[in-house]
Protein chains: 2
Amino acid sequence: MTKTLKHELKADILLDKGIELLWSKGYNATSVNDIVKIAGVPKGSFYFYFESKEDFVVKAIEKYFDDHFTPAKEILLNKSVSPKQRLLNFHEFRYNILKNEMDCKMGCLACNLGNEMAEHSEAIRKSILNKEQFVLALITEVIQEAQDLGEINNLMAAADIAAFIEDAGKGSMTTMKEMNNAYPIDNFMNMIRNVLLK
Amino acid sequence: MTKTLKHELKADILLDKGIELLWSKGYNATSVNDIVKIAGVPKGSFYFYFESKEDFVVKAIEKYFDDHFTPAKEILLNKSVSPKQRLLNFHEFRYNILKNEMDCKMGCLACNLGNEMAEHSEAIRKSILNKEQFVLALITEVIQEAQDLGEINNLMAAADIAAFIEDAGKGSMTTMKEMNNAYPIDNFMNMIRNVLLK
DNA sequence: TATTAATAATTGACCAGTCATCTATTTATT
DNA sequence: AATAAATAGATGACTGGTCAATTATTAATA
């Protein structure tokens, strides 16, 4: 194993383990000590791999999107399915993960960190915004496609519908955490199915 | 000034100043030291007035709702206006505060703390949930009223519409903080005006 | 009513532990 | 031998929380 490979491997382990902690506990409740301990990496190494805790979190956000959005993206862009059905499958897929894999407790790493840190770290705010707007652009395109086909109505601009759906999903994740219960995302799915994507 | 009055006054100052800090910085980034310093109250007194930091935050959440929801509630329950118009005025009022008084940066204290702490403090989670469900019940009633009058459609249960609107509002606050920009709440207002409360 | 005893309120100094970060050193690679 | 990579351990500042000592208030007594 070459030096650089080993290097990137350790940085990746730190990121993977750090993402878990950040996701559940947020920025301020996750310490560098926690991260290196759970990753089995010497404490002193952390600042060899990353400039600072903030820098680490920016890279964690990027890895989070790359790892977690990719499978959902495949569903969204699967051209063998109609645009409207793709949108529904896409949301079904994402929100099933929240419900079943995560027991309604953790929400989305980016939303959590955005809520906690947007006002206090420009680097973190911008990295989240950047990734989210990339996602939003993809969804907007599919909504536009569905509108062009007459599958969903034309009353609102595709970009506004997409932004609203994403925001409503975010909020339902917050309430889901507060309730410890899937009602908010079930209600969300019903609303987009029966009202927004009509 | 009697002893008990002075007592409650100091506790109130701690709560008011603490709410400001918690609102902006969240639970873990707000220290007891920060709170007593800004309130001009001796450190030792904090634990005379409150059992713990967690207990303080629960009481801060209660005071936050009592102080901030009350004026909006008056608008919501003002029987001289039709139910649908009351709903629109109510949301207009709340989201103007976010935009104009708070520069799109702070969101809602309860949402912020819910996102950060729901998984880690049952006391905080329950106090937020309790207050939010009280608010939700009031909104639900007004939506029901509007449905009965035929002012808005009957396709969804009033409780589901109310929950969805509140969740969408929450999410738009998160994105507002991330974007540093009012677009998400403007888009939210348009959506409830043109789609949900039709 | 004046004095004392008992109780309650209030306080800053202090605790053990943790924080993010840095530096001096060791280990591995050319 | 020279250079770069990796790490152990230490740093000062800060954490939530405690507590013995002080002060203010009330109750009891003469």
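Our structure's up above, just so we're on the same page.
Bear in mind the structure is a predicted one, so any value in this text is a computation, not a measurement. (Residues numbered from 1 in each chain as written. Chains lettered and ligands numbered in written order. Predicted model: local features only at pLDDT ≥ 70, side-chain atom pairs only at ≥ 80, totals over all residues. Heavy atoms only, no water.)

1. Thoughts on the protein's contact with DNA strand C
Not every one of the 16 residues close to DNA strand C is listed here, only the nearest: A:Val32, A:Tyr47, A:Lys53, B:Pro42 and B:Ser45. Backbone atoms, meaning sugar and phosphate, form 67% of the atoms of DNA strand C found within 4 Å of the protein. At a separation of 2.7 Å, a phosphate oxygen of DNA strand C approaches a polar side-chain atom of A:Lys53. The set of elements that each furnish at least two residues to the surface near DNA strand C consists of α2 (32-39) of chain A together with α1 (3-25) and α3 (43-49) of chain B. Broken down by element, the surface near DNA strand C gets its largest block of residues, four residues, from α3(B). In the surface near DNA strand C, the residues fall into five nonpolar, seven polar and four charged. (Near = heavy atom within 4 Å. Polar contact = N/O pair within 3.5 Å; in protein donor to acceptor, adjacent residues only side chain to side chain. Helix = DSSP H or I, 4+ residues; strand = E, 2+ residues; numbered from the N terminus. Nonpolar A, V, L, I, M, F, W, Y, C, P; charged D, E, K, R; others polar.)

2. Points about the relation of the copies chain B and chain A
When chain B is brought onto chain A, the operation consists of a screw motion whose angular component is 180 degrees and whose axial shift is 0.0 Å, with 0.1 Å RMSD remaining. In the structure described here, the two chain copies are related by an operation that fits a two-fold rotation axis. When the interface residues of chain B are mapped onto chain A, 100% of them are again interface residues, pointing to one common binding face. (Least-squares fit on C-alpha atoms with pLDDT ≥ 70 in both. Contact = heavy atoms within 4.5 Å.)

3. Describing the protein's contact with DNA strand D
Not every one of the 17 residues close to DNA strand D is listed here, only the nearest: A:Pro42, A:Ser45, A:Phe48, B:Lys43 and B:Tyr47. Contact distances for DNA strand D include 2.9 Å between a phosphate oxygen and a backbone N or O atom of B:Val32. The side chain of B:Lys43 places a nitrogen or oxygen atom 2.2 Å from a base oxygen of DNA strand D. Residue assignment for the surface near DNA strand D shows that the elements contributing at least two residues are α1 (3-25) and α3 (46-49) of chain A together with α2 (32-39) and α3 of chain B. If you tally residues by element for the surface near DNA strand D, the top one is α1(A), at three residues. Among the residues making up the surface near DNA strand D, the classes are represented as five nonpolar, seven polar and five charged.

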